[in-house]
2 protein chains.
Amino acid sequence: MAGGIGSRLWPLSTPEMPKQFIDVLGTGKSLIRLTMERFLPVCKPEHFWVVTSERYVATVKEHLPEVPDEQILAEPEPRNTAPCIAYASWKIRAKYPDANIVVTPSDALVLDHEVFTDAISKALAATENSDAIVTVGITPTRPETGYGYIHTAEPTPGKVVKVLEFKEKPDRATAEKYLADGAYLWNAGIFVWNVRTITSELRAHAPQIAGVMDALAPSFYTDREAAEVRTHFAECEKISIDYAVMEKSPHIHTVACNPRWSDLGSWGALKEHIPADADGNAVVAVGPGGSDVRLFDCSGCIVHTDGTRTVVLQGLKDSIVSLRNGNLLICKLSEEQHIKEYSTPRN
Amino acid sequence: MAGGIGSRLWPLSTPEMPKQFIDVLGTGKSLIRLTMERFLPVCKPEHFWVVTSERYVATVKEHLPEVPDEQILAEPEPRNTAPCIAYASWKIRAKYPDANIVVTPSDALVLDHEVFTDAISKALAATENSDAIVTVGITPTRPETGYGYIHTAEPTPGKVVKVLEFKEKPDRATAEKYLADGAYLWNAGIFVWNVRTITSELRAHAPQIAGVMDALAPSFYTDREAAEVRTHFAECEKISIDYAVMEKSPHIHTVACNPRWSDLGSWGALKEHIPADADGNAVVAVGPGGSDVRLFDCSGCIVHTDGTRTVVLQGLKDSIVSLRNGNLLICKLSEEQHIKEYSTPRN
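In this report, the structure presented in the accompanying data block is examined.

### A look at the overall build of chain A
Assigned secondary structure in chain A consists of eleven helices and 16 strands. A globule of 347 residues ought to have a C-alpha radius of gyration of about 20 Å, and chain A, at 21 Å, matches this closely. Counting only C-alpha atoms, chain A reaches 60 × 50 × 40 Å along its principal axes. Classification of the 347 residues of chain A by burial places 54% in the buried group. Sequence-distant contacts, at least 24 apart, represent 65% of the contacts inside chain A between residues at least 6 apart.

Written out as structure tokens, the structure is:
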């Protein structure tokens, strides 16, 4: 899934070039590229499928040239994750009726690939010949209020077990209770299932979306597909896969793991994954040459620039400084929940 | 005089494009353009002369297309103001042996043109048929420690009077004494004299420089001038006109005026001349379209951008934010004396 616009990381992430296509960490690779490479141990390059917005199709091809054109699916408009997953699932099923599928966001970070691959492999083994739905559960390391949680009776790492309940993003006190309890995992939004399972689950719990897909299916892999999708995709109910299926199906499982995962959903989350200097400043200067970033009397800052010139920062504490494509953000980390509002054009 | 590099206003002013060529105030005109236009009431366009660095000759022509090519004088290297003024004076004298001259920096601001023109006219009248040297004295409005002062017994506005003494930049207590006393004026570095006077004063007090100019003079207005100047100009002693002439000559006068002048020599000085919002923030967004600058919880800041994108600033107090040609400065106004050091490349 590569259709998001990542508005909380503005100006690093913009609707023109969202987070998944950006070298957020200064590694020389975009997050979508890192995501594809992370799954290569369990999936051949020709078996990757990407659902994205029409406007990002060319960008996806640049970042993932191995993915066949017909496996880059263009949404004419965002309808949340259920229609996105339905489109990919119906199209995959037409060619691979027994496909075992991992659905993943393309803009998250995983540092421990071995642990992650082990969990994904366990989940794939569990879904290959069953109607299990497995959602990856991340063993929490702090009382995070920015993620949804998965409640399970048996949070044993690497073991596929039943989910008791999904929990919305908690308040701080509840998050601390979850962390202490040990039976709650972060919901990473990574799902594993067989194509037979997800199509029949969508048919059962989201029949309107299934109906649109059944009508579109005869056009798949033909010259008519793009036009048909452009005309009818927007008829799908706008609903997340969590509401449409995960909270309704009785087949939901999880596999706990601690692969040092982050959704990189905020500047604060990003800061945790960039090495800091002695004063706690995390600096990423991307692009050819990179900027000459000079800090004086600064502490606890995250600085992200894409320029090739000189950046002088003096006297900033616990702040975000991001300079990208000529856009500039300076903001206290404590106020980062307002960035979307700050950066939205006023009328 | 248009050879300075204005390092205290980095990154607005850089060696590649210093302050005098910049639309510092967001008026649509550079400071050198504003300077020329300010003198049009007393000087025809074809009688302007500019001394600048070789590297800025093309830029001067862009900003002042009315000035004849042979009146844009290129210094092969900076030797301070005495050789700069000598070169222009010797060259002017060769063509206009009775010229009455105003020497002025090209990067200062004057808001009250009528008062200024009156003072300049008085000075020109005083020097036309005498050997008077008149330096413009600005009636101080605050105990400024960043300027030199002129001591006179008769600081009457608009009257050309004798100077008692020049004073270096004072400390705060001395500046307050000067302000209270009333007999001290700011030295704006603007000089008025007849070409006969300044050439003979230089010959008397800076004979080494006069000797270089005498040797160069036969090449003036010929094909050899550029090559001769490039070879010999650097032989001149590196000295300011203040030390070379003003402090030695017995003919020094001043004319007091309060034309709301500023040397715009620092971000703090610049901030005083840009209208502020209710929170004391002064914002200049130059260039086609200008940036969309949005301030949240900011006060007492000066913001100067040349971009056409979005700039979001949150939580900054009494700070400088300047984004120009991809260079970025964020600095407390109280630390601005360190900007030159901050912005100098490290080895």
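Here the narrative resumes.
### Observations concerning the relation of the copies chain A and chain B
With an RMSD of 0.1 Å, the operation that places chain A on chain B is a rotation of 179 degrees combined with a shift of 0.1 Å along the axis. Look at the turn and shift together and you get a two-fold axis relating the two. Of every C-alpha in chain A, the one belonging to G326 of chain A sits nearest the axis of rotation, 3.6 Å from it. Here 100% of the interface residues in chain A have copies in chain B that are interface residues too; the copies meet face to matching face.

### Brief notes about the packing of aromatic side chains
In total, this model carries 22 aromatic pairs over all chains according to the counting rule given. An angle of 10 degrees between the planes, with centres 5.5 Å apart, marks the rings of F191 of chain A and W193 of chain A as stacked. Classification of F191 of chain A as buried rests on a relative accessible area of 2%. With centroids separated by 5.6 Å and ring planes inclined at 35 degrees, the aromatic side chains of Y87 of chain B and F220 of chain B adopt a geometry described as tilted. With a gap of 133 residues between them, Y87 of chain B in helix α3 (residues 81-95) and F220 of chain B in the loop between α7 (207-216) and α8 (225-232) connect regions that are remote in the sequence. The pair Y87 of chain B / F220 of chain B is uniform in exposure class, with both members buried. Taking NZ or CZ as reference, K91 of chain A lies 4.8 Å from the ring centre of Y221 of chain A, over its face.

### Structural notes on the pairing of strand β6 (residues 149-152) of chain B
All names here are of chain B. Every second residue of β6 is oriented toward a common face, with Y149 and H151 on one face and I150 and T152 on the other, all of them buried. The pairing of β6 with strand β8 (residues 184-194) spans three bridges and is antiparallel. Along β8, the bridge assignment pairs I150 with L185. Here four bridges tie β6 to strand β7 (residues 160-167), and the two strands are oriented antiparallel to one another. Looking across to β7, one finds that I150 is bridged to F166.

### Some words on the interface of chain A and chain B
Facing 30 residues of chain A, the contacting portion of chain B comprises 30 residues. Roughly 2700 Å² of surface becomes buried between chain A and chain B when both sides are summed, with 53% attributable to carbon and sulfur atoms. Contact with chain B buries area across many residues of chain A, yet Q314, I330 and Y342 of chain A alone supply 24% of it, more than any other trio. Summed over the shared surface of chain A and chain B, the number is zero salt bridges.

### So, the sheet that holds strand β11 (residues 282-285) of chain A
In spatial order, the strands read β11(A)-β13(A)-β15(A)-β16(A)-β14(B)-β12(B); together these six strands make up an open sheet with mixed pairing. Single-partner strands in this sheet number two, and they are β11 of chain A together with β12 (292-296) of chain B. Direction aside, neighbouring strands of the sheet carry axes that sit 5 degrees apart on average. Pairing between strand β16 (residues 327-332) of chain A and strand β14 (residues 310-314) of chain B: three bridges, direction parallel. From the neighbouring strand, I330 of chain A faces β14 of chain B, where its bridge partner is L313 of chain B.

### Comments concerning the packing of α3 of chain B against α7 of chain B
All names here are of chain B. For the pair α3 and α7, interaxial distance at closest approach is 10 Å and the crossing angle is 40 degrees. As for the relative orientation of α3 and α7, their crossing is right-handed in sense. Facing α3, whose interface residues are A82, P83, A86, Y87 and W90, α7 presents I209, A210, M213 and D214. Residue classes in the contact of α3 with α7 are distributed as eight nonpolar, no polar and one charged.

### As for the pattern of salt bridges
Enumeration according to the criterion identifies 36 salt bridges over all chains in this entry. Of the charged contacts, one joins E66 of chain A and R33 of chain A as a salt bridge, the two residues approaching to 2.6 Å between their closest N and O atoms. A residue pair is termed long-range when its members are at least 10 positions apart, and E66 of chain A in the loop between α2 (57-63) and β2 (72-75) and R33 of chain A in helix α1 (residues 31-39) qualify at 33 residues. Of the charged contacts in the structure, one is a salt bridge between K167 of chain B and E165 of chain B, with a shortest N-O distance of 3.3 Å. Among the charged side chains, a network of salt bridges with common partners joins K29, R33, E37 and E66 of chain A.

### Digging into helix α3 (residues 81-95) of chain A
Residue and element names in this part refer to chain A. Counted at 1.5 Å a residue, the expected span for α3 with its 15 residues is 21 Å, and the 22 Å between its end C-alpha atoms agrees. Along α3, eleven of the 15 residues are buried, which leaves the element largely enclosed by surrounding structure. Of the positions making up α3, those classed as buried are A82, P83, C84, I85, A86, Y87, A88, S89, W90, K91 and I92.

### Let's talk about the sheet that holds strand β11 (residues 282-285) of chain B
Strand order in the open sheet formed by six strands is β12(A)-β14(A)-β16(B)-β15(B)-β13(B)-β11(B), and the pairing between neighbours is mixed. The open sheet is flanked by β12 (292-296) of chain A together with β11 of chain B, the only strands paired with a single partner. Looking at each pair of strands side by side, their axes are set apart by 5 degrees on average, direction ignored.

### Considering the packing of helix α6 (residues 195-205) of chain B against α7 of chain B
Residue and element names in this part refer to chain B. Close contact between α6 and α7 brings their axes to 5 Å; oriented N to C, the two are set at 120 degrees. On the basis of their axis angle, the class for α6 and α7 is oblique. Together, L202, R203, A204 and H205 of α6 and P207, A210 and D214 of α7 make up the contact between the two elements. Across the contact of α6 with α7, the residue classes tally to four nonpolar, one polar and two charged.

### Considering the pairing of strand β1 (residues 50-53) of chain A
Put simply, side chains in a regular strand alternate between the two faces of the sheet. Residue and element names in this part refer to chain A. In this structure, β1 lies alongside β2, joined through four bridges in parallel fashion. Each bridged residue has a counterpart across the sheet, and for S53 the counterpart in β2 is E75. One crossover worth recording links β1 to the parallel β2 by way of α2, and it is right-handed.

Procedures and definitions
Residues numbered from 1 in each chain as written. Chains lettered and ligands numbered in written order. Predicted model: local features only at pLDDT ≥ 70, side-chain atom pairs only at ≥ 80, totals over all residues. Heavy atoms only, no water. Helix = DSSP H or I, 4+ residues; strand = E, 2+ residues; numbered from the N terminus. Rg over C-alpha atoms; globule rule 2.2 N^0.38 Å. Buried < 20%, exposed > 50% of the residue type's maximum accessible area, 1.4 Å probe, protein only. Contact = heavy atoms within 4.5 Å. Least-squares fit on C-alpha atoms with pLDDT ≥ 70 in both. Phe/Tyr/Trp six-rings, centres within 6.5 Å; stacked < 30°, edge-to-face > 60°. Lys NZ or Arg CZ within 6 Å of the ring centre and 35° of its normal. Pairing = 2+ DSSP bridges. Buried area = accessible area lost by both parts, 1.4 Å probe. Salt bridge = Lys/Arg side-chain N within 4 Å of Asp/Glu carboxyl O. Axes fitted to C-alpha atoms, helices over the stretch in contact; angles between N-to-C directions. Left-handed = near helix turned anticlockwise from the far one by under 90°. Nonpolar A, V, L, I, M, F, W, Y, C, P; charged D, E, K, R; others polar. Expected span 1.5 Å × (residues − 1). Parallel < 35°, antiparallel > 145°, perpendicular 65-115°, else oblique. Right-handed = clockwise from strand over helix to strand, strands pointing away.

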